[in-house]
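Working through the structure, step by step
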Amino acid sequence: MKIFLLLFLVLAVVGLTAWYKRGVALTKPENAMAITSFYDFKLAALDNQEVIDFQKFKGKKVILINVASECGYTPQYVDWEAFHKEHGENIVVLGFPANNFGGQEPGTNAEIGAFCQKNYGVTFQLFEKISVKGSEQHPLYQWLSQKDKNGWNDQAPTWNFCKYVVNEQGELTNFFPSGVKPDDEGFKKAIGM
């Protein structure tokens, strides 16, 4: 009997781990509380000309995306730029170049900026290249992906172009995997469209 129970537990953990790693949309439970505020963060812009204080995003929804220039999802820059142009007054799109997945963002900040402008005309806010997972994970992505910091979510990016949604009060409300674009029904529902 004990062996069957142990086998069941092992299979359950393996199954849940496989399901979780595929990349699923997650939504904040009603009673979750964040420990640190989203508005405490300040990060350098991609051109290193200014440090952006996240206080400026108070009262707006914010979409945070870990981006890369050499990924199969890179063409999403078009979708997110169009979304930014249409909804930028109320919903802020922020891009965070990261080289954590397949070495697909090898360039310098200047090279990344030139690539995004030349190929996709990106005007939404891009930040300096950071690490979004692992031992060098930036504190912002620690907040986004550690339950003890954001109150409920422990899903780190599974690949480039994962999305996090922060509401008007600075609370993390949703995580979406790489393939989700602005026209996704689940995403539109999460941001109130």
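So, a few notes on the structure that sits alongside this text. (Residues numbered from 1 in each chain as written. Predicted model: local features only at pLDDT ≥ 70, side-chain atom pairs only at ≥ 80, totals over all residues. Heavy atoms only, no water.)

Here we come to the side chain of Asn-174. Locating Asn-174 in the fold gives a position in strand S8 (residues 172-176). When its relative accessible area of 6% is taken as the criterion, Asn-174 is described as buried. Within polar-contact distance, the side chain of Asn-174 engages the side chain of Thr-173 at 2.8 Å. (Helix = DSSP H or I, 4+ residues; strand = E, 2+ residues; numbered from the N terminus. Buried < 20%, exposed > 50% of the residue type's maximum accessible area, 1.4 Å probe, protein only. Polar contact = N/O pair within 3.5 Å; in protein donor to acceptor, adjacent residues only side chain to side chain.)

Take helix H2 (residues 76-87) next. Its 12 residues give H2 an end-to-end C-alpha distance of 16 Å, which sits within 8% of 16 Å, the value for a rise of 1.5 Å per residue. Where H2 is buried, its residues touch strand S4 (61-67), strand S5 (91-97), helix H3 (109-120), strand S6 (125-126), strand S7 (163-166) and helix H6 (185-190). (Expected span 1.5 Å × (residues − 1). Contact = heavy atoms within 4.5 Å.)

It is worth spelling out H3 at this point. Along its 12 residues, H3 runs 16 Å from first to last C-alpha, staying within 8% of the 16 Å computed at 1.5 Å per residue. For H3, the full list of buried residues reads Asn-109, Ile-112 and Cys-116. Angularly, the buried residues of H3 cover 65 degrees about the axis, an arc narrow enough to put them on a single face. Opposite the packed face of H3, turned more than 90 degrees from it, sit the exposed residues Ala-110, Glu-111 and Lys-118. Phi for Gly-121, located one or two positions after H3, is positive at around 60 degrees. (Arc of directions from axis to C-beta.)

What follows deals with the side chain of Asn-66. Tracing the backbone through its elements, the reader meets Asn-66 in strand S4. A distance of 2.9 Å separates a polar atom in the side chain of Asn-66 from the backbone oxygen of Trp-159. A polar contact of 3.0 Å, which involves the side chain of Asn-66, links it to the backbone nitrogen of Cys-162. The contacts of Asn-66, once residues within four sequence positions are left out, are Phe-96, Phe-101, Val-132, Tyr-141, Pro-157, Trp-159, Asn-160, Phe-161 and Cys-162.

Here we come to the packing of aromatic side chains. Using the criterion set out here, one finds 20 aromatic pairs in the structure. On the basis of an interplanar angle of 85 degrees and a centroid distance of 5.5 Å, the ring pair of Tyr-77 and Phe-161 is categorised as edge-to-face. Of this pair, Tyr-77 sits in helix H2 while Phe-161 is found in the loop between helix H5 (147-150) and S7, placing the two residues 84 residues apart along the sequence. Here Tyr-77 and Phe-161 have matching classes, each one buried. (Phe/Tyr/Trp six-rings, centres within 6.5 Å; stacked < 30°, edge-to-face > 60°.)

It is worth spelling out the environment of Asp-184 at this point. In this structure, Asp-184 sits in the loop between S8 and H6. Side-chain polar atoms of Asp-184 contact the backbone nitrogen of Gly-186, separated by 3.0 Å.

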